[in-house]
Amino acid sequence: MKKWFSITLGIVTATGGFLDAGTVATSGEAGAKFGLGLIWAVLLATVAVILLVEMIGRFTALSQKTYADAIRENFGFKFYLLPLISGIIAESLLLAAEIGGIAIALSLFTGISWHYLFPVAALLVWILSWRAPFSLIENGPALLGLITLSFLVGIVVLGGPPRELLPTLWKPDIKQGELADYLFLVAAILGATISPYLLYFYSSGAREEKWSRDSLLLNRVTAIVGMSFGSLGSISLLVLGAIVLRPLNISSSTLGELGLAMAKPLGPLGAYLFAGALFATCLGAALEVMLGVSYNIAQGFGWEWGENKKPVEAARFNLVLTIILLVAVAIGLFGTDPLQLALLASTVIALFLPISLTPFLFIMNDPDYLGDHTNGRFANIAIICVLIIAFIVAVIALPLEILTGGG
């Protein structure tokens, strides 16, 4: 009975924790600009993240090592610095966007400018990361994030996508001069969903919770069912953007404007539900990004680490938490809108994915770690294809987006 309770909790956690500032921004923007024409990218990213989450959970449960440990052992410390540095760059941008998303959510509730609430949001993230136990960080915001299921209610109230919108599913309406925006959003969707911090966080969390071979079923069900249900929130927001924002020619320029997609079907309640979903998902993601980066650094350098340890017992790990947060706050104080920052961060993550995840494929095919549970051919080919697609699209899209001034 205890095992099935853990599986249920794992599914709920994955469902509520799938969305973050990156996926909210990319999904809403994709629907507003291109109708249903980018659902394929969300589905591709979902398949990839299911495979990666299952892999990292299986690896940690069987090897009793984290991903950072394995990179350092197999490729050496100097090579380890490559994915570390690329991850710090991309995820510092993403953390700033997540904190901004929390601030915007608070602004929607209070009417106070998000710029003033940004330090408040950062302080909240720091307090929770400093003192909260791992179980609260893992499950608390994610359970609140189930509010995202209200996006489905909004679609039902609106009567579903109108008939004239359906052709955009297989024939995206890309107008002249919008190719750069389309490719940029493809890269951003892939980067927002397949963020490497998730691997470090999930792997370290499995060690914090002392996963073993007996946890393989929990891991597989969480990855497949949880992430699949979680992706419904992303697709639902995309569909809402297509139904509500696209006919009005509103290409949302802020995270707050995306709330209009929920306000139309559900009125003021819809706006508050969107604010609640934005708060919960961005808070959960901000904590996961901070911990993911800190786990990565502490494990790579061989320091004591653990969210369940007192700060004095893992002093350098907790110092890194604070430094990463301060870097993100410095980025956020430049005043860049969190939606634009999330789109940029997600695209940069897509660009760095080959550096971040190629070592993982080698490790997942090493029988010294996994015995007879190494990767199958399908998983290897699927992840390689996604990495290539994400990298090529990001390489093409980033210069075009810069030249066109962000569309």
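Structure: see above.
Scoring rules and cut-offs
The residue numbering used here restarts from 1 in each chain and proceeds along that chain's sequence as written. Per-residue local features are limited, in this predicted model, to residues with pLDDT of at least 70; the limit for side-chain atom pairs, both in listing and counting, is 80 or more; totals at the level of whole chains, interfaces and linings are taken over all residues. To obtain the side-chain values, all non-hydrogen atoms of the structure were used and water was disregarded. Of the grid points, spaced at 1 Å and generated over the protein atoms alone, those admitting a 1.4 Å probe that cannot get out make up cavities, while open sets with protein on both sides within 12 Å along at least five of seven lines make up pockets; any residue with an atom within 4 Å of a point is treated as lining. Grid points are joined across faces, edges and corners, and a volume is the space filled by probe spheres set on the points. All amino acids are sorted into three groups, where Ala, Val, Leu, Ile, Met, Phe, Trp, Tyr, Cys and Pro are nonpolar, Asp, Glu, Lys and Arg are charged, and the leftover types, Gly among them, are polar. Angles run from 0 to 180 degrees between N-to-C directions of axes, and those axes are lines fitted to C-alpha atoms, restricted for helices to the stretch in contact. For helices the rule is a DSSP run of H or I covering at least 4 residues; for strands it is a run of E covering at least 2, with both sets numbered from the N terminus onward. Under this scheme an angle from 65 to 115 degrees is roughly perpendicular, one under 35 degrees roughly parallel, and one over 145 degrees roughly antiparallel; angles in between are oblique. Should the near helix be turned anticlockwise from the far one by less than a right angle, the crossing is left-handed, and should it be turned clockwise, the crossing is right-handed. In what follows, residue pairs with any heavy atoms lying within 4.5 Å of each other are defined as contacts. An expected span of 1.5 Å times one less than the residue number is assigned to each helix. Think of it this way: the bend at a residue is just the angle between two axes, each fitted to seven residues, one set ending at that residue and the other starting at it. The patch calculation keeps residues exceeding 30% relative accessible area without a salt bridge and links them within 9 Å when they carry like charges or within 5 Å when they are nonpolar (Val, Leu, Ile, Met, Phe, Trp, Tyr). The Shrake-Rupley method, run with a 1.4 Å probe sphere, supplies the accessible areas, and residue values consider only the shown protein chains as cover. We define a salt bridge as a side-chain nitrogen of Lys or Arg found within 4 Å of a carboxyl oxygen belonging to Asp or Glu. Relative accessibility decides the category of a residue: with a 1.4 Å probe and only protein chains considered, values under 20% of the type maximum give buried, values over 50% give exposed, and everything between is partly exposed.

With that settled, consider empty space enclosed by the protein. The full count for this structure, using the stated rule, is 1 cavity of 30 Å³ or more. Here the largest cavity defines a volume of roughly 50 Å³. Residues belonging to the lining of the largest cavity are distributed by class as follows: 9 nonpolar, 1 polar and no charged.

The relative placement of two packed helices is expressed as an angle between their axes plus a distance between the axes. Where helix H3 (residues 39–63) contacts helix H13 (residues 338–364), the axes come no closer than 11 Å and their chain directions differ by 55°. Classified by the angle between their axes, H3 and H13 sit oblique to one another. In the crossing of H3 with H13, the sense of the turn from one axis to the other is left-handed. Counting all contacts with H3, which are made through Leu-52, Met-55, Ile-56, Arg-58 and Phe-59, the residues of H13 involved are Leu-357, Phe-360, Ile-363 and Met-364.

Attention now goes to helix H4 (residues 67–110). In this model H4 runs just 41 Å from its N-terminal to its C-terminal C-alpha over 44 residues, more than 12% under the 64 Å that 1.5 Å per residue would give. Its axis deflected by about 125° at Gly-76, H4 carries its strongest bend there. Looking one or two residues beyond H4, the residue adopting positive phi is Gly-111, at roughly 85°.

With that out of the way, let us pick up a nonpolar patch on the surface. Taken together, Ile-384, Ile-388, Phe-391, Ile-392, Val-395 and Ile-396 make up a surface patch of nonpolar side chains, about 480 Å² in accessible area. One can find Ile-384 in helix H15 (residues 377–403).

With that out of the way, let us pick up the side chain of Thr-347. Secondary-structure assignment places Thr-347 in helix H13. With relative accessibility at 0%, the residue Thr-347 sits in the buried group. When sequence neighbours within four positions are dropped, the list of residues in contact with Thr-347 reads Phe-184, Ala-187, Ala-188, Ala-394 and Leu-398.

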